[in-house]
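Chain by chain, the residues:
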Amino acid sequence: MNFKTPEVESNDTIIMEFFLMEFSSIRELQVLHAILFLLIYIAALMGNLLTVIAIVTDPHLHSPMYFFLSNLSLLDLGCISVTLPKFIVNSLTGNQAISLLGCCAQVFFSIFFAATEIALLMTMSYDRFVAICHPLHYGVTMTLFRCLWAATGSWVSGLIYSALHTGNMFRLPFSGSNVIHQFFCDIPHILKVSSPEVHDTEDVLLVASSGLVLICFGFLIVSYTYIFSAVFKMPSVEGRYKALSTCSPQLIIFLLFILALMVTVLCPSSDTSPVQNLLISMIYTILPPFMNPIIYSLRNTKIKVALGKIIKTMFFPKKEMSVFETIKK
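Cut-offs applied
- Residues numbered from 1 in each chain as written.
- Predicted model: local features only at pLDDT ≥ 70, side-chain atom pairs only at ≥ 80, totals over all residues.
- Heavy atoms only, no water.
- Disulfide = S-S within 2.5 Å.
- Helix = DSSP H or I, 4+ residues; strand = E, 2+ residues; numbered from the N terminus.
- Core = buried A, V, L, I, M, F, W, Y, C linked by side-chain atoms within 4.5 Å.
- Buried < 20%, exposed > 50% of the residue type's maximum accessible area, 1.4 Å probe, protein only.
- Contact = heavy atoms within 4.5 Å.
- Salt bridge = Lys/Arg side-chain N within 4 Å of Asp/Glu carboxyl O.
- Phe/Tyr/Trp six-rings, centres within 6.5 Å; stacked < 30°, edge-to-face > 60°.

**Here's the deal with the state of the cysteines**
Point 1. For the structure shown, the criterion picks out one disulfide.
Point 2. The disulfide partner of Cys103 is Cys185, and the S-S distance across this bridge is 2.1 Å. Torsion about the S-S bond of the Cys103 and Cys185 cystine: about -135 degrees, corresponding to left-handed handedness. Separated by 82 residues along the polypeptide, Cys103 in helix 3 (residues 100–133) and Cys185 in the loop between helix 5 (144–169) and helix 6 (187–192) bring together distant segments of the chain.

So, in structure tokens, the structure goes:
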């Protein structure tokens, strides 16, 4: 694993661009990496886009739970599009450079989508809490107006949080090594080459945001504790299964998100090898957006039926379907 760094900045030079990691100096392997990640990217795009289309077009899915799920799918589309297309282009062209503005955009949108997802997962857990623990009040509590405000609040809170961190990190020039040991702009490295003033302010922001994140996770854990307590008290086995089928996908997505966050925090890039860096970065940048639509399509019958209808419409238009029906008759 090498780095293409034709002009590595010295400690006294202001950084105007960064050089990302390439996973191999062999041209054939670079193209192979690009093709592999392109297939993963297309699969993630198709999965999340089909989920959004299914929810929008199927009247049976016009409910708060699926409305929030469509927002989650849009977040996953954005999340995987922040880093993967740039890596694919870099692998095909053999150019590992990324401009300061491009790096700033990657950092901003990475934080934005991650923060918004935390807020949205909280909203989704509350939706399931009301639906399972207080079903008689569900229609009154989860109105269209409140759902729109909850989704908008999630996106706006992520935007503000990301703007604070990105604005602080990029408000002063960088100096030091411009080689990033990742295939995207890694926030820990950006902080390493930032000025002491930026680093001190970022420490304060991180401490404050850590408290907010802990509160959010506490809310999620308490919500799901009440949910599963209510589910296991249900006398009907069919009722328990139906309730679990609506909340278990969200719980799996939440656990996947927690796993990605723990890997990010507990495995700093400076202490691991390039191969480990690749695996770690794949877990928290590619795995959740790729797995989320699979989890929902496998665990949710309504989504499965709606996706089946879309696929039939795509591959078997109405004219062809009428021909098949005539043959059957």
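**Some details on the nonpolar core**
If you look at soluble globular proteins, the nonpolar side chains tend to sit buried side by side.
Point 1. Ranked by internal contacts, the top residues of the largest apolar core, which has 42 residues, are Tyr66, Phe68, Leu69, Met124, Ile227, Phe254 and Ile303.
Point 2. Elements with a contribution of two residues or more to this core: helix 1 (27–57), helix 2 (64–93), helix 3, helix 5, helix 7 (196–232), helix 8 (237–266), helix 10 (287–299) and helix 11 (301–315).
Point 3. Element by element, the count of residues in this core is highest for helix 3, at nine residues.
Point 4. Non-local contacts of Phe68, meaning those with residues more than four positions away in its chain, are made with Leu120, Thr123, Met124, Asp127, Met142, Cys147, Ala150 and Ala151.
Point 5. With 15 residues, the next largest nonpolar core counts Cys103, Met169, Phe170 and Ile180 among its residues.

**Some words on the pattern of salt bridges**
Between side chains of opposite charge, a pair can form as their charged atoms come close.
Point 1. Following the criterion strictly, the structure yields one salt bridge and no others.
Point 2. One salt bridge connects Arg128 with Asp127, and the closest N-O pair in it is separated by 3.0 Å.
Point 3. Judged by its relative accessible area of 7%, Arg128 falls in the buried class.
Point 4. On the basis of relative accessibility, which here comes to 0%, the residue Asp127 falls in the buried class.

**Some remarks on the environment of Pro289**
Point 1. Relative to the helices and strands, Pro289 resides in helix 10.
Point 2. Between the C-alpha atom of Pro289 and that of Ser81, which follows or precedes it by 208 residues, the distance is 9.7 Å.
Point 3. Those residues in contact with Pro289, other than ones at most four positions away along the chain, are Ala44, Asn48, Asp76, Cys79 and Ile80.

**Some points on the environment of Asn168**
Point 1. Relative to the helices and strands, Asn168 is located in helix 5.
Point 2. Distance from Asn168 to Glu197, taken between C-alpha atoms, is 9.4 Å for residues 29 residues apart in sequence.
Point 3. In this view, Asn168 contacts Val198, Thr201, Glu202 and Leu205; residues no more than four positions away in its chain are not counted.

**Some remarks on the packing of aromatic side chains**
Point 1. Across all of its chains, the model carries 14 aromatic pairs by this definition.
Point 2. When the ring of Phe87 is compared with that of Phe183, the centres are 5.3 Å apart and the planes differ by 65 degrees; the resulting orientation is edge-to-face. In this pair, Phe87 sits in helix 2 while Phe183 sits in the loop between helix 5 and helix 6, placing the two residues 96 residues apart along the sequence. In terms of burial, Phe87 and Phe183 fall into one category: buried.
Point 3. Aromatic rings pair up to connect Phe108, Phe109, Phe112, Phe113 and Trp155 into one cluster.

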